[in-house]
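# Fold and contact review
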Amino acid sequence: FGKEAFDEEVASNAPPDGPVDLSLYETASDLHMFGLERLKEELKQRGLKCGGTLHDRAARLMEIKNVDPKDYPKNLLALSKGKTKK
């Protein structure tokens, strides 16, 4: 099992680049491979809250799987800049 074989295996197990296609994943645990920062960026790009643990972030993304952006649950939406939580 040489270095080339190892590099190939690591590359094949690496998460794909680009936006995360949620239709390819069944559970929040499936999204853990993307890591905290990548999931944070995905949530930000979708206008969703982006804090929490790895599982929190993955679960939030799975909650909006197959949901039109205009129908995202309000409790998942990030606060707009300038607004504060009451």
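Here's what I pulled together on the structure shown here.

## Quick look at the packing of aromatic side chains
One pass over the structure, following the stated rule, counts 1 aromatic pair. Residues Tyr25 and Phe34 carry aromatic rings whose centres are separated by 5.6 Å and whose planes lie at 80 degrees to one another, so their mutual orientation is edge-to-face.

## Some details on the environment of Pro15
In this fold, Pro15 is placed in the loop between α1 (3-13) and α2 (35-45). Here the alpha-carbon distance between Pro15 and Arg38, two residues 23 residues apart in the chain, equals 10.0 Å. Beyond its immediate stretch of four places on either side in the chain, Pro15 contacts Met33, Phe34 and Arg38.

## Section: the side chain of Arg60
As for its position among the elements, Arg60 is in helix α3 (residues 54-63). Within the buried set, Arg60 has no salt-bridge partner at all; the shortest N-O distance to an opposite charge, 5.1 Å, is to Asp56. Ignoring any residue separated from it by four or fewer positions in sequence, one finds Arg60 in contact with Leu43, Lys49, Cys50, Gly51 and Leu76.

## Comments concerning the packing of α2 against α3
Two numbers describe how α2 lies on α3: the axes approach to 9 Å, and their chain directions differ by 35 degrees. As for the relative orientation of α2 and α3, their crossing is left-handed in sense. Every residue of α3 that contacts α2 at Gly35, Leu36, Glu37, Leu39, Lys40, Glu42 and Leu43 is listed here: Leu54, Arg57, Ala58, Arg60 and Leu61. Residue composition of the contact of α2 with α3, grouped by class: 6 nonpolar, 1 polar and 5 charged.

Parameters at a glance
Residues numbered from 1 in each chain as written. Predicted model: local features only at pLDDT ≥ 70, side-chain atom pairs only at ≥ 80, totals over all residues. Heavy atoms only, no water. Phe/Tyr/Trp six-rings, centres within 6.5 Å; stacked < 30°, edge-to-face > 60°. Helix = DSSP H or I, 4+ residues; strand = E, 2+ residues; numbered from the N terminus. Contact = heavy atoms within 4.5 Å. Buried < 20%, exposed > 50% of the residue type's maximum accessible area, 1.4 Å probe, protein only. Lys, Arg positive; Asp, Glu negative; His and termini not counted. Salt bridge = Lys/Arg side-chain N within 4 Å of Asp/Glu carboxyl O. Axes fitted to C-alpha atoms, helices over the stretch in contact; angles between N-to-C directions. Left-handed = near helix turned anticlockwise from the far one by under 90°. Nonpolar A, V, L, I, M, F, W, Y, C, P; charged D, E, K, R; others polar.

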